[in-house]
Amino acid sequence: MTGSKILYQITPKIVSFLFIVLFVYTATSKFIDIKQFCLRLERFPMISSYAIWIAWGVPIIEVLISILFFFPKYTLTALYASFSLMSIFTIYIMLVLNLSNDIPCSCGGILQALNWKEHLIFNIVFIALALLGILLIKKSKKHLLNKNTAQ
């Protein structure tokens, strides 16, 4: 297996797998304790009036994005959606860090154990992974297109 095949074909699959694990895990944790998730969201003043919508919407979106990853045709779309969702979560964390210290993490499962700064780093890593997957898929498609037009 050549290095370029690993880079362009396997790396995006690994990134996709990591997002599937992350989103299915966190969505499941949120669904299991949806009331607690909603209560935590209600404690943040800027979104408290939308807490119920966010409490149901976020895990549903996470599951839908995870499903997209199972269809190769939609992997790039799923990566863009993952990048967007993780960016929104990161903006939320930056607001919490700048506006309040006592807002509990509204994430599910073991991610609740992270402090806000660790969570910020975690999110930035996943944003970088999404960007890596997007760039590799786009470059792979461009390379394939160039290869086909050269023949």
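Use the structure listed above.
So, here is what we can say about the structure in this document. (Residues numbered from 1 in each chain as written. Predicted model: local features only at pLDDT ≥ 70, side-chain atom pairs only at ≥ 80, totals over all residues. Heavy atoms only, no water.)

### Observations regarding the packing of aromatic side chains
Geometry of an aromatic ring pair is reported as the spacing of the ring centres plus the angle between the planes.
No. 1: Using the criterion set out here, one finds six aromatic pairs in the structure.
No. 2: Between the aromatic rings of Phe 31 and Trp 56, the centroid separation amounts to 5.9 Å while the plane-to-plane angle is 45°, which identifies the pairing as tilted. Of the two residues, Phe 31 is situated in helix 1 (residues 3-32) and Trp 56 in helix 3 (residues 51-68); the sequence distance between them amounts to 25 residues.
No. 3: The exposure class assigned to Trp 56 is partly exposed, which follows from its relative accessible area of 40%.
No. 4: One aromatic cluster is present, formed by Phe 19, Phe 23, Phe 69, Phe 122 and Phe 126 through successive ring pairs. (Phe/Tyr/Trp six-rings, centres within 6.5 Å; stacked < 30°, edge-to-face > 60°. Helix = DSSP H or I, 4+ residues; strand = E, 2+ residues; numbered from the N terminus. Buried < 20%, exposed > 50% of the residue type's maximum accessible area, 1.4 Å probe, protein only.)

### Some words on the environment of Glu 42
No. 1: Residue position: Glu 42 is located in helix 2 (residues 34-42).
No. 2: According to the relative accessible area criterion, Glu 42 is partly exposed, its value standing at 40%.
No. 3: Between the C-alpha atoms of Glu 42 and Ile 54, which are 12 residues apart in sequence, the distance is 9.9 Å.
No. 4: Residues within four places of Glu 42 in sequence aside, it is in contact with Ser 48 and Ala 51. (Contact = heavy atoms within 4.5 Å.)

### Here we look at a nonpolar patch on the surface
No. 1: A cluster of nonpolar side chains, contributed by Phe 31, Tyr 50, Ile 52, Trp 53, Trp 56, Ile 60, Val 63, Leu 64, Ile 67, Phe 70, Phe 71 and Tyr 74, occupies part of the molecular surface with about 1300 Å² of accessible area.
No. 2: By residue number, the principal contributor to the nonpolar patch is helix 3, which donates seven residues. (Patch = residues over 30% accessible without salt bridge, like charges linked within 9 Å, V, L, I, M, F, W, Y side chains within 5 Å. Areas by Shrake-Rupley, 256 points an atom, 1.4 Å probe, with all protein chains shown as cover. Salt bridge = Lys/Arg side-chain N within 4 Å of Asp/Glu carboxyl O.)

### Observations concerning helix 2
No. 1: Among the residues of helix 2, Ile 34, Phe 37, Cys 38, Arg 40 and Leu 41 are the ones counted as buried. Around the axis of helix 2, the buried residues are gathered within 160° of arc, so they sit on the same side. (Arc of directions from axis to C-beta.)

### Brief notes about the nonpolar core
Considering soluble globular proteins, one finds that nonpolar side chains tend to be buried as a cluster.
No. 1: Phe 19, Leu 22, Phe 23, Ile 65, Phe 69, Leu 79 and Met 86 are the most contacted members of the largest nonpolar core, which totals 18 residues.
No. 2: Looking at this core, the elements with two or more residues in it are helix 1, helix 4 (75-99) and helix 5 (116-150).
No. 3: Residues in contact with Phe 69, not counting those within four places in the same chain, are Ser 16, Phe 19, Ile 20, Thr 75, Ala 78, Leu 79 and Ser 82.
No. 4: In terms of nonpolar packing, the next biggest core, distinct from the first, is built from 13 residues, Ile 34, Ala 55, Ile 93 and Leu 120 among them. (Core = buried A, V, L, I, M, F, W, Y, C linked by side-chain atoms within 4.5 Å.)

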